[in-house]
Each structure stands twice: as structure tokens, then as C-alpha cells.
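# Per-entry structural report
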Number of protein chains: 2
Amino acid sequence: MSSTKKPKQATRADVAKMAGVSESTVSYALTGVRPISDETRERIEEAMKTLGYVPNAMAQALASKKSGLLALLFPVGERGFDETDFEYVEAATAAAAEDGYQLLLWPNAVEDVASLRKIVAQGLVEGVLLMEVRAQDPRVEVLRDSGTPFCLIGRTDDSQDLTFVDADFSQWGPMALHHLLDLGHTNIGVISMSSDLLEAGYGPGVRTEKPLLDLAKRLGITITIKHAKATIRAGREAFEELTAEQPDITALIGFNEPALIGALEVAGARGINIPEDLSMLSFGISDEAENMTVPAQTTIGVDGRELGRMAAQYLVARLNGDKKSVLQYLTQPQFVDRGSTGLAPLGQK
Amino acid sequence: MSSTKKPKQATRADVAKMAGVSESTVSYALTGVRPISDETRERIEEAMKTLGYVPNAMAQALASKKSGLLALLFPVGERGFDETDFEYVEAATAAAAEDGYQLLLWPNAVEDVASLRKIVAQGLVEGVLLMEVRAQDPRVEVLRDSGTPFCLIGRTDDSQDLTFVDADFSQWGPMALHHLLDLGHTNIGVISMSSDLLEAGYGPGVRTEKPLLDLAKRLGITITIKHAKATIRAGREAFEELTAEQPDITALIGFNEPALIGALEVAGARGINIPEDLSMLSFGISDEAENMTVPAQTTIGVDGRELGRMAAQYLVARLNGDKKSVLQYLTQPQFVDRGSTGLAPLGQK
DNA sequence: CTGTTAGCGCCTTCAT
DNA sequence: ATGAAGGCGCTAACAG
């Protein structure tokens, strides 16, 4: 058996002995919390190097009450992780690492408040990042009275005094309308998410829809909305209903990725050219996912990486005792033109 | 300020005092490592409940040398996290959780061996999961002589005595050929990954290509391979070259997601119908990504979730002292028919 | 069945 | 500028 057994890690005591100093001096040399003579510092550093000393994370955490760990709470069973979610994770991980923190992935059902309470009580993590936040989210209360700092990606209805980062959904509709109106579209269809989601208070949905409708009315744009489940099939049906009701629609806004694919399929089958016959613009779909559709979709959406990064940074700010009364960030909508919108066809009445 | 301050967590000592027993008895009541009279157990449990006691993870880890944490080392900067990678993560997280372990996300450049060494020396994690394994992977040696148990997702060239899970790439080509041959295709194009990747020994590439070519030769199938970079543009060019060289191709195998999209675009522009005029089959693209293309692609690939799950389970097995000399797992290729392949058109000679 | 006693490896307040 | 000593909260022998 050439299998190497666990080599014993050098401990602070070993370093102290070898350098001929006390253990605490070694600690101070490490943290720089108090002045050390250059000479002893060198001896210590050399000892550390030859011993390959690395402070033990557990002991450090236990003694200092600082684990350097953050939890990223992500919901399981919901609608599963999608690509955008993943952008958060990656960006948050990187941002946390820059500040010396590691991210722990914690799969947790939103309703499972009991184990969340237990999890934070364990004292493993210093702070928590929450994904897939609901309008009324039971996890918030648990975290709040556990005293653990946390930051939401998304927000609750009642989040004035919470730390969060979110997309500024209220701007999506107006931005889309301006873009389409500039191209001459005045009769626009929308394939949005299911009514169930909206009625459940799903933030992106409710925050987007009203400003869109309000502005359309003021601008005199005709809007026809269809709510569809998040399936390709539902998208096909929605598109068919939409075009039956409003044959003169010249542009389509989608806020429902799978349904949009369905609409694309039907349009393709009917020989509708995009953007010559119909302009398409889609909301909130991640860059990569959107590149997959043929043709690629012009998009107004959220920069997942920015959100993830900001979330981690805000959380760390809280940990470092940032006393700003409020730490909240709304990302500007991200417009990516992939050529699926164009001038409105003429002669549509 | 109604802001709740960190409530002091009850400690084992508190429980012991309240229950009128010694501290160690509390521990034993928790772990069940030694018999406790029903009566004292009840007193203890009640005390725990009223105090809301939860064992401190750090202290537990320090004393027992078991943190309950696993690291998932994922490479940054490479080609970025894609959706399939994410399936590993999600599945591994879930599987680890079932065994009582948490997954720590550790972004780490493959070459950054120094910080990897440091990371494991910290003693934070009990084991490591490695993603994006290279044919020659410097991280393996570091882990091996750190004595930290680890499991690869993928494998190195020299992995006889390593613990790993990987797809059985050698079967992909044959499976694809059989499928296409059954439909009457004997002149097949391949848009594969860049030669750079292959020359660097990228496992999925090299392990797939040779068996594919070998079997094609034996079956008398004409294969024309184009290597393209992972971009849509490169895919367009590859497809154009391919069809210029071999106008009689009736089927196309893609092993390069973005390039495949490019090929699809060109095909669409030329009015080539799939699968009537051209059958398409794609390798190793994740389910979700594949559903995004229009038309959807028939795929031979890997079940990312299975891999992630197995990886976590194998690692935990190692941690639990599973002495099986070898723990290695190859997943069967996963064939998903999405209708992009069909009978070869006639009269192509 | 239960209690006592060392640690685990490090941080930190007190001394000097 | 440096040491000594007392925890942090828990595990795991060692004693009854």
C-alpha cells in the first residue's frame, strides 16, 4: 500500500517551539494585531514555511466566532435551478472569495423553516444569502430573529428594512415599449407567466406587468396579454389564441422562457419571419439560454452575475458592521439586441 | 432600534445544568454512543427543547475532527460554468445532504495548486470533489499526498487507483452510428470540438472520437470531421465547409453546443429541413440546453445528475472507510430522441 | 448507567 | 515587544 496516510498538520505550538517564541506570538505574527520585532517575525515565518503551517480553520472559527463561511440557501423542488440562478451562484461565490469568505450551498425547501432555524443555530455560517425570495417568505422571520445577517436576492413585499438586491422590474415594461414604439409597433402581444404565479405574488411578474400596462395605456399602445404555464405546449396555445384574437399584432413580448419556445415553433410553422413579419422581445431570460433559441432573442433582462456579486458584497458589508441603515440595490435592466425586433410591417391598419 | 441582537445560543453546559446531569451525559444522550436511562434522557431532551439547544458545529468539528463539510472544487476561468456542470452541483449537493454532509463551493483555477494545498491543509473539509478533470491534472497529486479523500468527476489518463465517476464516452460514437445506420445513413458529418482541446487531451473529446472512427471504418460508413471552436460563428463555417466537401452527407453529429447552433442557423437559412433533408444528433449536451434549440436535438449524452450523485456517494463511502480497492463508475450514455433524426433521404448515391 | 478530566488548535485579555 | 493563562463548546478516554 503506497497510499499516503493523512500527514499530521503542523500546529501553532510546533511553530512556536521551532521559532523559540510563545504560541500567542505566533498568532500575533499572523494577524499583525500587535507589533512584532522584525527579527522574531522572520524566525516565525521561516518556521511556518519549513513546517508548512496553515492555521486550522475549525479552531480559528471556534475561538474567534468567525468561520469565514456564508450559506447560500437555495430552494429545492420549486422549479429547479435554472441557468440564471446559476449565474448568481457563480458570481456570489467569486465575490465572497474576494472578501475571504467561502460559500456553502444549502438546499432547503422554502417552507422548511424548522431546519433553517436549526441550520443557523449551528453557528457554522456567519451570514446567509437567500435565493428565490417570495413575496411572503417565512425564512425571513427566522433569520431575522436568529440574529444572523442575511441578504436577499429578490425581495419580499415588506422589505423596507431588509438588505436585498433585486432587478428593477418596473423598468422592463417601459423599456420594452419604448424600443418597440420607436420601431413603429402599436399593437403588441404579451405571453406572460401563469396567472397562478402572479396571484401567488411572484415579484418579477407583478412588478413588471403593471408598469407595462400603465405606460401602454398612456402611450395609446394596444396590449393583449396571455398568461401561460411554463411549458412549450402552453406557449403554442397561447400564441395561437393571441394571433386569433389580434391578427394585427406586429410585436410579441415574452416573459416565459419555455412558452416562448412554443410560440417560436408555431410562428416558424406558419412561415412567419422574425423580425420581418413579427418582432419578438423577451424578458428576463439569461444570456446563455437566450442564445440557444433560433432565432436568438432580443432581450431585456437581469444581469445575474451583477446580482450575485452585489448580494455577496452587501452581506459581507453587513458582517463587517456596515451601519448604513439600508443596503438595497436594484439593477438596471439589461438590453441585449439580438436582432429579433425590427420595423413594424406596414399596412396593418 | 428594534433590530434583534444575536441571541446567545444555549450551550451544552446550560443543558447539563438544567437537566442536572454532567456535560458528557448530554453528549451521550445526543449521540447514543452509550446507554442512558430513560428517565435522564427525558430530562435532557426536555432541557434541550426548552433551551432550543443545537450543538455548535465548530466545537463539534474541532473536537471530533469531523466537519461534515465537503468541498466541490470547480475551475474558474476555464470555459465557465455551464448548465451541465450545474446539474452535477445540484445533484451532488443533494446526495451529500442525504448523508449528512454539506457542500462547499470552491472556485479554484486548475493550475493554482498552491492555494489548493493550503485549502486542504486548513482542515475545513473532510473530502473533495473535483470537477473538470484534465488528462494530466496537477490537483490530483496535491490531494493525494495531502491525504484528503477525493473523488473525480471525470478522470485523468492515469486513474487506475483513483476514485472517480465519469461518462463512458467510448460508447457514444458506436451508439450514434448504430442509430444512424439503422435509419440508412452511410455518409455522416461530424462537427466536433476544437483541435486545441483534443490535443490538450480533453477526455470527452479523445475518448469519443477514436471509437467512433474505428467503428465507422469497420461498418463502411463515411465520416467527415470538422473541428470547430465553441462559438456559433465557428459552427457556421464548419457546416459550410462540411457541406462543400461532402454534399451527400445525410446526417450530422455535433459535439460542440455553440457550433451546433451555428450549423442549425445555416441549415435553416438554406431551407434544409430537419430531419427530412438532414438528420442531426448531438453529443453530450444537457437536457435543458438541448430543449432550447429549434428544432430540439436528439441527443446522446451524460446524465449530469447521476454523475453528481454518484460522485458524492463515492466520496462519502471513502470517508466512511469503504475499503473497496477501487471505486469507479462509468455512466451509460443517455439517448434522448427529440425527433431530429429520421430516415436517410433516397437517391443521394 | 453516569461523572471527571483531558484535550482539539487557536484567540485574547492580562501581565511584564 | 513578548509570555502566560483562560477560555471557545464539544468529544472521548478513563474512572467509577
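Residues numbered from 1 in each chain as written. Chains lettered and ligands numbered in written order. Predicted model: local features only at pLDDT ≥ 70, side-chain atom pairs only at ≥ 80, totals over all residues. Heavy atoms only, no water.

## Comments concerning the pattern of salt bridges
Residues and elements named next belong to chain A. All told, the structure shown has 29 salt bridges over all chains when counted by the stated rule. The residue Asp214 makes a salt bridge to Lys210 at a minimum N-O spacing of 2.8 Å. Taken together, the positions of Asp214 and Lys210, both in helix 10 (residues 203–219) and four residues apart, correspond to about one turn of that helix. Note on Lys210: relative accessible area 53%, which makes it exposed. One continuous salt-bridge network, built from bridges that share partners, spans Lys226, Glu241 and Glu245. (Salt bridge = Lys/Arg side-chain N within 4 Å of Asp/Glu carboxyl O. Helix = DSSP H or I, 4+ residues; strand = E, 2+ residues; numbered from the N terminus. Buried < 20%, exposed > 50% of the residue type's maximum accessible area, 1.4 Å probe, protein only.)

## Remarks on the sheet that holds strand 7 (residues 222–227) of chain A
Note: strands within a sheet are paired through backbone hydrogen bonds, in either parallel or antiparallel orientation. Residue and element names in this part refer to chain A. Here six strands make up an open sheet; going across it, the order is 7-6-8-9-10-12 and the pairing mixed. Among the strands making up the open sheet, the edge pair consists of strand 7 and strand 12 (334–336). Each strand axis lies, on average, 20° off the axis of its neighbour in the sheet, ignoring direction. In terms of strand pairing, strand 6 (residues 187–192) meets strand 8 (residues 251–254) through four bridges, oriented parallel. Bridge assignment links Ile191 to a residue of strand 8, and that residue is Gly254. The strands that helix 10 touches are strand 6, strand 7, strand 8 and strand 9 (279–283); relative to strand 7, the one it contacts most, it runs at about 155°. (Pairing = 2+ DSSP bridges. Axes fitted to C-alpha atoms, helices over the stretch in contact; angles between N-to-C directions. Contact = heavy atoms within 4.5 Å.)

## A closer look at the domain arrangement of chain A
Taken domain by domain, chain A comprises domain 1 (12–62), domain 2 (69–167 + 304–333) and domain 3 (169–301). On a C-alpha basis, the centroid separation for the pair domain 1 of chain A and domain 3 of chain A is 62 Å. (Domains from an automatic or database assignment.)

## Here's the deal with the protein's contact with DNA strand C
Around DNA strand C, a shell composed of 26 residues is seen, among which Arg12, Tyr28 and Tyr53 of chain A together with Arg34 and Pro35 of chain B lie nearest. At the protein interface, 51% of the atoms of DNA strand C within 4 Å belong to sugar or phosphate. At 3.0 Å from a sugar or linking oxygen of DNA strand C is found a side-chain nitrogen or oxygen belonging to Lys65 of chain B. Those elements that place two or more of their residues in the surface near DNA strand C are helix 2 (23–31) and helix 4 (57–64) of chain A together with helix 2 (23–31) and helix 4 (57–64) of chain B. Tallying contributions element by element places helix 4 of chain A first for the surface near DNA strand C, with four residues. Tallied by class, the residues present in the surface near DNA strand C amount to 10 nonpolar, 12 polar and four charged. (Near = heavy atom within 4 Å. Polar contact = N/O pair within 3.5 Å; in protein donor to acceptor, adjacent residues only side chain to side chain. Nonpolar A, V, L, I, M, F, W, Y, C, P; charged D, E, K, R; others polar.)

## Examining the sheet that holds strand 1 (residues 69–74) of chain A
Taken in spatial order, the 12 strands make up an open sheet running 11(A)-5(A)-4(A)-3(A)-1(A)-2(A)-2(B)-1(B)-3(B)-4(B)-5(B)-11(B), and their pairing is mixed. At either end of the open sheet lies a strand with only one pairing partner, and these are strand 11 (328–331) of chain A together with strand 11 (328–331) of chain B. Sheet twist, expressed as the mean angle between neighbouring strand axes with direction ignored, is 20°. When strand 2 (residues 102–107) of chain A meets strand 2 (residues 102–107) of chain B, the two strands line up antiparallel, connected through three bridges. Note that in strand 2 of chain B the partner of Leu103 of chain A across the bridge is Leu105 of chain B.

## What about the protein's contact with DNA strand D?
Arg34, Pro35 and Ser37 of chain A together with Arg12 and Tyr53 of chain B are the nearest of the 26 residues found near DNA strand D. Backbone sugar and phosphate groups make up 55% of those atoms of DNA strand D lying within 4 Å of the protein. Ser22 of chain A is positioned such that a nitrogen or oxygen atom in its backbone is 2.8 Å from a phosphate oxygen of DNA strand D. One of the side-chain N or O atoms of Lys65 of chain A is found 3.0 Å from a sugar or linking oxygen in DNA strand D. Of all the elements, helix 4 of chain B adds the most residues to the surface near DNA strand D, at four residues. Within the surface near DNA strand D, the residues separate by chemical class into 10 nonpolar, 12 polar and four charged.

## Looking at the packing of helix 4 of chain A against helix 4 of chain B
The geometry of helix 4 of chain A relative to helix 4 of chain B is characterised by a closest axis approach of 9 Å and an angle of 140° between their N-to-C directions. Classified by the interaxial angle, the pair formed by helix 4 of chain A and helix 4 of chain B is oblique. Here the hand of the crossing between helix 4 of chain A and helix 4 of chain B comes out left-handed. Touching Met58, Ala59, Ala61 and Leu62 of chain A of helix 4 of chain A are Met58, Ala59, Ala61 and Leu62 of chain B, all from helix 4 of chain B. When its residues are assigned to classes, the contact of helix 4 of chain A with helix 4 of chain B shows eight nonpolar, no polar and no charged. (Parallel < 35°, antiparallel > 145°, perpendicular 65-115°, else oblique. Left-handed = near helix turned anticlockwise from the far one by under 90°.)

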